[in-house]
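# Structural overview for review
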Amino acid sequence: MSEPVLQLHNLSVDYPTRVGVVRGVDNVSMTVNRGEVLGLVGESGCGKSTLGAAIMRLLRPPGKIVGGEIVFNGQDLIKLDKEAMRHLRGAHISMIFQDPMTCLNPLQRVSDHVVETIQTHHPEVKKEEAREQAAKLIDRLGIRAERIDDYPHQLSGGMRQRVMIGLALALNADLIIADEPTTSLDVIVEAQFLDQLRDLQRQFNLTIILITHNIGVVAELADRVAVMYAGKLMELADVFPLFDDPLHPYTRGLLNSVPNINLTEDNLQIMSGSPPDLIDPPPGCKFHPRCPNAMERCKTQEPPFKEVQPGRWAACWLYGE
Amino acid sequence: MPDTSDNLIQVQGLKKWFPVQKGFIERLVTRQRQFVHAVDGVDFNIRRGEVFGLAGESGSGKTTTGRLILHLVEPTEGNIIFDGVDMSTLSNEEIRRMRQRMQVIFQDPFASMNPRMKTGDAIGHSLEIFGVAKGEEKRRRVLEMMEHVELTPAHVLYDKFPHQLSGGQRQRVVIARALMLHPDMIVADEPIAMADVSVRAMLLELMVQLKREFNLTYLFITHDLATAKYICDRIAIMYLGLICEMGTLEQVYRNPQHPYTQALLAAVPVPDPHARRTAPMPKGEIPSPITPPPGCRFHPRCPIAQEICSQESPLLQSVPGDEGHLVACHLVK
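Just so it is clear, the model here is predicted, and its values are computed rather than measured.

Scanning chain A from N- to C-terminus turns up 10 helices and 12 strands. A compact globule built from 321 residues should have a C-alpha radius of gyration of about 20 Å, and chain A, at 21 Å, falls within 12% of that. On the principal axes, the C-alpha backbone points of chain A span a range of 65 × 50 × 45 Å. Every one of the 321 residues in chain A was classed for burial, and the buried ones make up 47%.

With that settled, consider the overall build of chain B. Looking only at helices and strands, one finds 11 helices and 12 strands in chain B. Over its C-alpha trace chain B gives a radius of gyration of 21 Å, about what one expects of a compact globule, namely 20 Å for 333 residues. Taking the principal axes of its C-alpha atoms as reference, chain B extends roughly 70 × 60 × 45 Å. Per-residue burial for chain B yields a buried fraction of 44% across its 333 residues. In chain B, the share of contacts with a sequence separation of at least 24, taken over all contacts with a separation of at least 6, comes to 66%.

Our focus in this paragraph is the sheet that holds strand β1 (residues 4-17) of chain A. Residues and elements named next belong to chain A. Strand order across the open sheet formed by 4 strands is β2-β1-β4-β5, with antiparallel pairing between neighbours. In this open sheet, the two edge strands, each paired with only one partner strand, are β2 (20-33) and β5 (75-76). Across 2 bridges, strand β4 (residues 64-72) lies against β5 in antiparallel orientation. Bridge assignment links Val 71 to a residue of β5, and that residue is Asp 76.

Before going further, it helps to spend a moment on the interface of chain A and chain B. Listed by partner, the interface residues are 36 residues for chain A and 35 residues for chain B. It is helix α7 (residues 187-204) of chain A that contributes the most residues to the side of chain A that touches chain B, 7 residues altogether. Looking at the side of chain A that touches chain B, its residues break down into 19 nonpolar, 12 polar and 5 charged.

This paragraph deals with the sheet that holds strand β12 (residues 312-314) of chain A. Pairing between sheet strands relies on hydrogen bonds along the backbone, with the strands arranged either parallel or antiparallel. All names here are of chain A. Spatially, 8 strands are ordered β6-β7-β8-β3-β9-β10-β12-β11 in an open sheet, and the strand pairing comes out mixed. Every interior strand has two partners, whereas the edge strands, β6 (93-96) and β11 (306-309), have only one. Neighbour-to-neighbour, the strand axes of the sheet open up by a mean angle of 25 degrees, direction not taken into account. Note that strand β3 (residues 37-41) and strand β8 (residues 208-212) share 5 bridges and pair parallel. Note that in β8 the partner of Gly 39 across the bridge is Leu 210.

All names here are of chain B. Summarising burial for strand β8 (residues 217-222): 6 of the 6 residues are buried, a large majority. By the alternation rule, side chains of β8 split into Thr 217, Leu 219 and Ile 221 and Tyr 218, Phe 220 and Thr 222, which are all buried. Pairing of strand β3 (residues 51-55) with β8, which is carried by 5 bridges, proceeds in the parallel orientation. When the bridges of β8 are listed, Leu 54 appears paired with Ile 221. In this structure, strand β7 (residues 185-189) lies alongside β8, joined through 5 bridges in parallel fashion. Directly across from Ala 188, in β8, lies its bridge partner Phe 220. Since β7 and β8 lie parallel, the crossover through helix α8 (residues 197-214) that links them has a hand, and here it is right-handed.

It is worth spelling out the nonpolar core at this point. Counting 188 residues, the largest nonpolar core has Leu 210 of chain A together with Ala 176, Leu 219, Phe 220, Ile 237 and Ile 243 of chain B as the members making the most contacts within it. At 8 residues, α7 of chain A tops the list of elements feeding residues into this core.

Each turn of an α-helix holds 3.6 residues, which means side chains three or four residues apart point in the same direction. The end-to-end C-alpha distance of α8 of chain B, which contains 18 residues, comes to 26 Å, matching closely the 26 Å that a straight helix rising 1.5 Å per residue would cover. Here α8 of chain B has its buried residues at Val 197, Ser 198, Val 199, Arg 200, Ala 201, Met 202, Leu 203, Leu 204 and Met 207 of chain B. For α8 of chain B, the elements touching its buried residues are α10 (249-256) of chain A together with α7 (167-179) and α9 (225-228) of chain B.

Time to look at the confidence of the model for chain B. Residue and element names in this part refer to chain B. In the predicted model, chain B carries a mean pLDDT of 90, and 98% of its residues have values of at least 70. Within chain B, strand β10 (residues 242-248) carries the highest mean pLDDT (97), whereas helix α1 (residues 24-29) carries the lowest (74). Interface confidence for the predicted complex, given as ipTM, is 0.85, next to a pTM of 0.89.

Turning to the pairing of β2 of chain A, a few remarks are in order. The side chains of a regular strand alternate, residue by residue, between the two faces of the sheet. Residues and elements named next belong to chain A. Inspection of the sheet shows β1 paired to β2 by 10 bridges, in the antiparallel sense. Paired with Asp 14 across the two strands is Arg 23, which belongs to β2. Here β1 folds back onto β2, and the loop between the two strands holds 2 residues.

On to the environment of Gly 53 of chain B. Residue and element names in this part refer to chain B. Looking at where Gly 53 falls in the secondary structure, it is placed in strand β3. Each C-alpha atom, one on Gly 53 and one on Phe 161, is 32 Å from the other, the two residues being 108 residues apart in sequence. Not counting residues up to four positions away in its chain, the partners in contact with Gly 53 are Phe 220, Thr 222, Ala 228, Cys 232, Arg 234, Ile 235 and Ala 236.

Take the packing of α7 of chain A against helix α11 (residues 259-267) of chain B next. The geometry of α7 of chain A relative to α11 of chain B is characterised by a closest axis approach of 8 Å and an angle of 60 degrees between their N-to-C directions. For the element pair α7 of chain A / α11 of chain B, the angle class is oblique. Judged by the twist between their axes, the crossing of α7 of chain A over α11 of chain B is left-handed. Of α11 of chain B, the residues touching α7 of chain A (which contributes Val 187, Ile 188, Glu 190 and Ala 191 of chain A) are Ala 263, Leu 264 and Ala 267 of chain B.

Rules and cut-offs
- Residues numbered from 1 in each chain as written.
- Chains lettered and ligands numbered in written order.
- Predicted model: local features only at pLDDT ≥ 70, side-chain atom pairs only at ≥ 80, totals over all residues.
- Helix = DSSP H or I, 4+ residues; strand = E, 2+ residues; numbered from the N terminus.
- Rg over C-alpha atoms; globule rule 2.2 N^0.38 Å.
- Buried ≥ 20, exposed ≤ 12 C-beta atoms within 10 Å, placed from the backbone.
- Contact = placed C-beta atoms within 7 Å.
- Pairing = 2+ DSSP bridges.
- Nonpolar A, V, L, I, M, F, W, Y, C, P; charged D, E, K, R; others polar.
- Axes fitted to C-alpha atoms, helices over the stretch in contact; angles between N-to-C directions.
- Right-handed = clockwise from strand over helix to strand, strands pointing away.
- Core = buried A, V, L, I, M, F, W, Y, C linked by C-beta atoms within 7 Å.
- Expected span 1.5 Å × (residues − 1).
- pLDDT = per-residue confidence, 0-100.
- Parallel < 35°, antiparallel > 145°, perpendicular 65-115°, else oblique.
- Left-handed = near helix turned anticlockwise from the far one by under 90°.

Structural data, given as C-alpha cells:
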C-alpha cells in the first residue's frame, strides 16, 4: 500500500567550525511514502533545513554528510557522483525555498525559467514545445497566460511562489522538498498557496516534505509529522494522533506554546530554557535539561528513536527500552 | 477597566503620503506626481493602560501609523494628541523630551542594537542621553531593570555584546532599554515575530507582566492575529492605509463584520488538524497603495461587493447594537 520514495538510514551531518564540530543532523532515520505530505517541524537551528539540503546533496560547505544512507527510489544518493546528482535534481527531486525572489533569476522571464528547466533535463525538446508546456503549467497554477513573459519583479509574492511550484512540477518530480514555502507570504496569500498546494498534491499524488516552523501550516497540510530537536528526530506519527496525543514531552511543550486564534483556548504554556548549543550538547537525551518528565537515566543515556506504538516513533525513555 | 474618557493617544484624520521616486526622464515626461498612500485617514484613540493592537498584512500601513505616533515621520495631514498635547504644535526639542514618555521595540533585536555596545551600556544609554543618571547610579538602575526582564545573571550579561546573547535575550535587552526611562507608552512593532515558538510565549508573558508592573500602555503592531489574541484589549484591522474594523478583541474576533476581517481570521492556520480551513479565500493580493481602488478599497476582492462599494468609500461606523465595535462596510446594517 505505502511505497517508500525516500528512506533515510542513520543520516548524520557535521559542520566543522573553529570552535568545534556541530552535529547539525544526528542519526536520523525515516521513510517518506509516495503521495504523502510529511511535515518536518522544529525551532530554528534544530536541523530541519540542513536535513532538506542534505537530501538534495546541497549542503553549504563546510557542512558534510558524515554517515548514513539516503535511499531514493532504491538508490543511495550519497554514492552518486556530482553529474548523476545533477540529473536527479529538478527532474526527480525538486526544492521550493522560502524566498522566491532570491531563487528566481531577475533577468529571466517566467517562461524562460520553465523552458530552461525542461531543456536542461531534456535537451531534445524544442524551445516552442517547452514554451507550450510552460504555458500549460502556468495556467494550471492560476496565473494569467499573459503573465508568462513577465519578469519576477513584476509578479506579486504569491505568484512568485506559485512559479516556484511550477518549476518543481515541470518535470513531474517524485519528491518535492518545500523549505518554509509560506514564511515570506502574508496570511491570506499563504492560505491561497496552501489551498493550491493541497489541490496539486491530490491531483498529481505528489510526495512532499514540508519543512516549517509553523505548526499551523503542518496541521493544515501534513499527513504525517516529524518533530526535530537539536538535530535529532524526537517524534514521528500521523498528524491526528500527534496533535491529539503527543508522546514526546518536547512535542507536547511545542504544541502547547503555539498561539491559537480560537477564543476558546486558554493561556499559552511556556517551555522553560532554550535549545542547546550544538557545539556542546548535553549528554543523554538532548531535551532533558528542559524536560518536565526527565528521569535519572535521561541525563546520561540517549534514548533510541523507535516505534513505541504501531505507526508512532519516539525517542524517549518514558516509553521503555 | 480603564476609564473610557482617559485617552493617552488620540489620532485624528491621520494621513501619510510618500512621494514616489521616479527616474529623470520620467520626471520630465510626466508632470503628475504620484504618492504611496501609506496611511490614508485613520482615527482611533488609545486609552491609558490598554493594549491596543494594530493588525494587517504587509502594506496595510500599520508600521507607518506606529512611526507617525512616535513622530519618527511627519504626518501629511491629521493630528496626534499625546496626553492632551497636540504633537504638531511642539518644537523639536519638546518632541525629543516627549520621547522619554514614548518608547519603541522593533522586530529585529539584532538590527536595533549597536554590535559594539555592551548590553548594560545599551540598556543604560538613554539615562545618559537624557541626563538622568550615569556611572554607578546608571549601573545600579540597569542591573535592577535586567532583573525585571529576567536577563539573569544580570552582572554577567551586563558586559556581553549582542552577538553573545540568544535571540530571546536580545529582545529582552531591547525591552529593558525601552523601559529605562519609565515611559507611559510603548510602541511594539512586531516585537516577537522573529522569535521561535517557545521563546515567543515567554516574551508575550513578559510583556504582559511588565505592563502591569510599570503601568504601561502598548500599541502592539502585528501581522499575526493569533499572537494578538494573547495580549490585546482592543484591536484595529487595517487594509491599504485605512481601518476597516475596530473594537474589543472579543467583538472583532467573535463577531467580525467586515468581509476582510472575516477572511483574515479564517486564513490563520490553526494548530489543530481537526480544524482544517474550508472557507474559500478572497482572490488576489493587496493592491498597490499608489493607486488604491476607488470606493471601498477591498471591493475588488470582496465576495459580497455591490455596486455602491466601487463608488463610495464607506465610513467607519458603529455596528448597530454593539457599542464600541466599528466597521467600514456599506453592507453592515
